[in-house]
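# Secondary and tertiary structure notes
Letter by letter, the chains look like this.
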Amino acid sequence: MPRSFTDVACEPMGKMPDRSRVELYLLRNEHLTLHLSTYGARVVALESRDRDGAMANIALGYTTLPPYVTQKNFYFGAIVGRVANRIARGRFTLDGHEYQLPINNGENTLHGGPGGFDTRNWEPHTIENGVRFSYFSEDGEEGFPGELHASVSYVLEGNTVWIETRATTDAPTIVSLANHTYFNLAGEGTPSVLDHQLQIEADAFTPLNATQIPTGEIRDVAGSAFDFREPRRIGEQIDAQDEQISHGAGYDHNFVVRGDAGSLRPVATVYEPTSGRELEVASTEPGVQFYSGNFLDGSVIGQSGRPYGQRCGMCLETQGFPDAINHPNFPSVVLRPGEVYASVTTWTLSVR
């Protein structure tokens, strides 16, 4: 991971119901300012310049700690896990042992369950140009086997945010961590991302059933509403008469990233024409979940003081495939003792 000068500061953000202290870290250089909370190891805000040089926050979130604790359904900026995305009926079998996880999304488990990593207060450690958050997950936490030592490092290098996640276990388990930041490149609180232009480096996606669980099929995007191989307005076909669009209430699907998982390679590019901001995402992960903020409903007020309505933010969650443990043809999310789960994702901001 590259290094250059970034100012790192820390201030109190509040206290948890158990009185443990939550801290807010600020990483700042001439290009970007990144606000991070120990609660959920999350991105609270990300400030970048538009084509006129004006700074603005482009990540959705709250101004204070309490709504993060009480309004958990949107996962703003958090690290989600122990397994990101959905697991069908919360069930899986590993090495002949069957496991049942808590159900928190219809009939399925989402983002590690109701007490997932987004609800935990991580231990911070200042590192060069950034901060590392660590968390120890006990054997049996939210139904997952094995003790897990997890960490996520955020580093600011020029106009790039580096996110590195790692984990080790003392028993066979499943792991797939993801950052759940919602972006709006026109500025947090702007009503819609539908005019953002999106390109995804994927020739295929994984279709869903009516409960948003992958069917196991890997489907070519050609000729469909899921073809983002060339830049396209997000809103162009978001309400298309398409069964998959109906299942996700818009886009909420995993795309199969080109190239070899484990190598850092381009994933997606987003361009917002009014501000000129452009976001390039790269990752070592096999998939990216493109979520168009379909379930934002105006019920929460963001940092701008404006309500977050439907599709006012979008996520590009680099991760393992959803429900991978129940689909042998998907890349494995199994982690065993002696192995290291390691993942890198970068966000690079520029203007044009």
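These remarks concern the structure in this document.

Cut-offs applied
- Residues numbered from 1 in each chain as written.
- Predicted model: local features only at pLDDT ≥ 70, side-chain atom pairs only at ≥ 80, totals over all residues.
- Heavy atoms only, no water.
- Phe/Tyr/Trp six-rings, centres within 6.5 Å; stacked < 30°, edge-to-face > 60°.
- Buried < 20%, exposed > 50% of the residue type's maximum accessible area, 1.4 Å probe, protein only.
- Helix = DSSP H or I, 4+ residues; strand = E, 2+ residues; numbered from the N terminus.
- Lys NZ or Arg CZ within 6 Å of the ring centre and 35° of its normal.
- Pairing = 2+ DSSP bridges.
- Core = buried A, V, L, I, M, F, W, Y, C linked by side-chain atoms within 4.5 Å.
- Contact = heavy atoms within 4.5 Å.
- Patch = residues over 30% accessible without salt bridge, like charges linked within 9 Å, V, L, I, M, F, W, Y side chains within 5 Å.
- Areas by Shrake-Rupley, 256 points an atom, 1.4 Å probe, with all protein chains shown as cover.
- Salt bridge = Lys/Arg side-chain N within 4 Å of Asp/Glu carboxyl O.
- Lys, Arg positive; Asp, Glu negative; His and termini not counted.
- Charge placed at Lys NZ, Arg CZ, Asp CG, Glu CD.

### Section: the packing of aromatic side chains
Here the structure, examined in full by the defined rule, presents 24 aromatic pairs. Taking the centre distance of 5.6 Å and the plane angle of 25 degrees together, the rings of Phe-74 and Phe-76 count as stacked. Phe-76 matches Phe-74 in its accessibility class, with the two residues each being buried. Where Phe-183 meets Trp-347, the ring centres are 5.0 Å apart and the plane angle is 85 degrees; that geometry is what we call edge-to-face. In this pair, Phe-183 sits in strand E17 (residues 182–183) while Trp-347 sits in strand E28 (residues 341–351), placing the two residues 164 residues apart along the sequence. Overall, Phe-183 belongs to the buried group, its relative accessible area being 3%. Each member of the aromatic cluster is reached from another via a ring pair, and the members are Tyr-62, Tyr-68, Phe-74, Phe-76, Tyr-182, Tyr-291, Phe-295 and Tyr-308. Above the ring of Phe-228, the side-chain terminus of Arg-232 is found at 5.6 Å from the ring centroid. For Arg-352, the ring lying beneath its charged end belongs to Tyr-271, and the centroid distance is 3.6 Å.

### Digging into the pairing of E28
E28 sits mainly inside the fold: eight of its 11 residues count as buried. Two elements, strand E14 (residues 160–169) and E28, share eight bridges in a ladder whose sense is antiparallel. What sits directly across from Trp-162, in E28, is Thr-346. As judged from the seven bridges shared by strand E24 (residues 277–283) and E28, these two strands associate in the antiparallel manner. The residue bridging Val-281 from the neighbouring strand is Trp-347, located in E28.

### Some details on the nonpolar core
If you look at the biggest cluster of nonpolar residues, it comprises 56 residues, and the most contacted ones within it are Leu-46, Tyr-154, Leu-198, Phe-255 and Phe-290. Here this core gets five residues from one element, more than from any other, and that element is strand E13 (residues 148–157). Filtering out sequence-adjacent residues up to four positions away, Leu-46 remains in contact with Leu-32, Thr-33, Leu-34, Ala-56, Asn-57, Ile-58, Ala-59, Val-161, Phe-183, Trp-347 and Leu-349.

### So, a negative patch on the surface
On the surface, Glu-138, Asp-139, Glu-147 and Asp-170 cluster together into a negatively charged patch. For Glu-147, the position within the fold is in the loop between strand E12 (130–137) and E13.

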